[in-house]
Amino acid sequence: MAQFESRNITMMMDLYELTMAYGYFREGEEARKARASFDVFFRRHPDGGGFSIFAGLEQIVEYIEAMHFSPDDIEYLRSLSLFDEDFLDYLAHYRFTGDIRAFREGTIMYPEEPILTVTAPIIDAQLVETALLAEINHQSLIATKTRRIVRAAGGRIVSDFGARRAHNVDAAVYGARAAYIGGAASTATVLAGQLFGIPVSGTMAHSWVMYYDDEYTAFKKYAETYPDNAVFLVDTYDVIHSGIPNAIRAAKDVLDPLGKRLKGVRIDSGDLAYLSKRVRTMLDAAGLSDCKIIASNSLDEYTISSILNAQGGKIDGFGVGERLITSKSEPVFGAVYKLAAVEKDGEILAKIKVSETVEKITNPGRKKVYRIYDAEGHAIADLLTLADETPDMTKPYRYIDPKKPWKHRFFTNCTARELQEDVIKNGKFVSKQPPLEEIRAYVKAQLDREIWQEEQRFENPHTHYLDMSPAYYEMKLALLNEMQQY
């Protein structure tokens, strides 16, 4: 697995995780060994979309495997004067000993379902909250945003150009990883290419053109240096009257004698739809119909859709920067980490959070989540069951729609696939993480073959239902009834 060398991010936690851990520690050995289950889930898709992509699991595994408190960490915690020496000694020898079950990375996911579950001694489960959420929230957000942009591009290449606008180095590097999972063809970020094997792309900046005495010389020098991959940035001065004529001239003077072709031109400013149409006409007239037109400059799924569909732009690929790497239109994913169950004296007790805001009432208890497929292989719903349930799909299966529980509904001629799988058992990594290329292909396969196209619309997407087994629904309802005393 790729990671920054000699990196320990164990202290990437909120202080309350440590203060609560200390409280449990002070209660004695029995409290320390009490196991709890926490679910990670989110409440709604960003940008009003109909699906999201689970990303960041590989970094969670790396974090758990490397988790330890260094002497410097212990000394800092001592300086806070919040913890006694017994607790600090406990942390000095700490290793995560719990279990993690999660969706396969790249799984299409929906609100309110447990995409990752931690079952561990309560201290272990408490300490990992912030780091887990940080990884999932960031990479899932960028992967989902990238997929929207890729969909808008309609099969044209999309490249991640966002590093310089990312919120920091990690956001750029891991954002590039997430963008690749979401369908970006390459990244301009070299460190991401080195760490994760993502194809890297890029040619020149405006400064290259400005450095030389004239634009033609700049293009000529670049073509001489990279005859097999010449892509010229043509908007430094004037796209139509300078950039394209000089690009054509350099192609004829330098590349043609070598038997090479001009690979592309990039436009980074101006009216991209109008300019691309003019540029396409000029290139075709010069015998460069195979030369690609690349566009960049504050693009997202909405501007790309407008350029291609409403304005008839002649663009073959897009370099997308700030609006991809920051998910500018909605920069918060919103996954949360909530207690679902505790185990005391050998008994597993379901826990539920109740709120005046109905959407914030949690789905309690240890549970399974299944994806339900019709006879054609389309994912028609997801299903929550009790942890010891296995839905029998060999006959019509009755389920509960929690928003319309009075209706009698059945899955007929369907199959069910459990979505969570073991990732870490007793603190040890037990499942092989797939290569990044495989994760990326898995995303595409689901969206091409399983997920309804109606869920992938930008406007008013179809809702993917999260249903419940009758037993699970009754358990949740019983807990809610118990809570009426508060």
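In what follows, the structure referred to is the one given above.
Keep in mind the model is a prediction, meaning the values are calculated, not measured. (Residues numbered from 1 in each chain as written. Predicted model: local features only at pLDDT ≥ 70, side-chain atom pairs only at ≥ 80, totals over all residues. Heavy atoms only, no water.)

Asker: Got a minute to help me understand the packing of aromatic side chains in this structure?
Answerer: Each pair of aromatic rings is reported with the distance of its centres and the angle of its planes. Inspection of every chain in the model, using the stated rule, returns 18 aromatic pairs. Seen in terms of ring centroids, Tyr22 and Phe87 are 5.1 Å apart; in terms of plane orientation they differ by 50 degrees. Their pairing is tilted. Taken together, the positions of Tyr22 in helix α1 (residues 15–26) and Phe87 in helix α5 (residues 85–92) put the pair 65 residues apart, joining distant regions of the chain. Assigned by exposure class, Tyr22 and Phe87 land together as buried. For the ring pair Tyr174 and Phe196, a centre distance of 5.8 Å and an interplane angle of 50 degrees mean the geometry is tilted. Of this pair, Tyr174 sits in helix α8 (residues 169–182) while Phe196 is found in helix α9 (residues 190–196), placing the two residues 22 residues apart along the sequence. Judged on exposure class, the residue Tyr174 and its partner Phe196 are both buried. Counting every residue linked through ring pairs, the aromatic cluster contains Tyr22, Phe25, Phe69, Phe83, Phe87, Tyr90 and Tyr94. For the cation-ring pair, Arg104 lies above Tyr442, with the distance from its terminal atom to the ring centre recorded as 3.8 Å. Cation over ring: Arg177 sits above Phe196, and NZ or CZ is 5.9 Å from the ring centre. (Phe/Tyr/Trp six-rings, centres within 6.5 Å; stacked < 30°, edge-to-face > 60°. Helix = DSSP H or I, 4+ residues; strand = E, 2+ residues; numbered from the N terminus. Buried < 20%, exposed > 50% of the residue type's maximum accessible area, 1.4 Å probe, protein only. Lys NZ or Arg CZ within 6 Å of the ring centre and 35° of its normal.)

Asker: Hey, could you run me through the packing of helix α12 (residues 239–258) against helix α13 (residues 272–285) in this one?
Answerer: When two helices pack together, their arrangement is given by the angle between their axes and by how far apart the axes lie. With their axes 11 Å apart at the nearest point, α12 and α13 run at an angle of 35 degrees to one another. Our pair here, α12 against α13, has a crossing hand that is right-handed. Here α12 contributes Val239, Ile240, Ile244, Pro245 and Ile248 to the contact with α13, which in turn contributes Leu275, Arg278, Val279, Met282 and Leu283. (Axes fitted to C-alpha atoms, helices over the stretch in contact; angles between N-to-C directions. Left-handed = near helix turned anticlockwise from the far one by under 90°. Contact = heavy atoms within 4.5 Å.)

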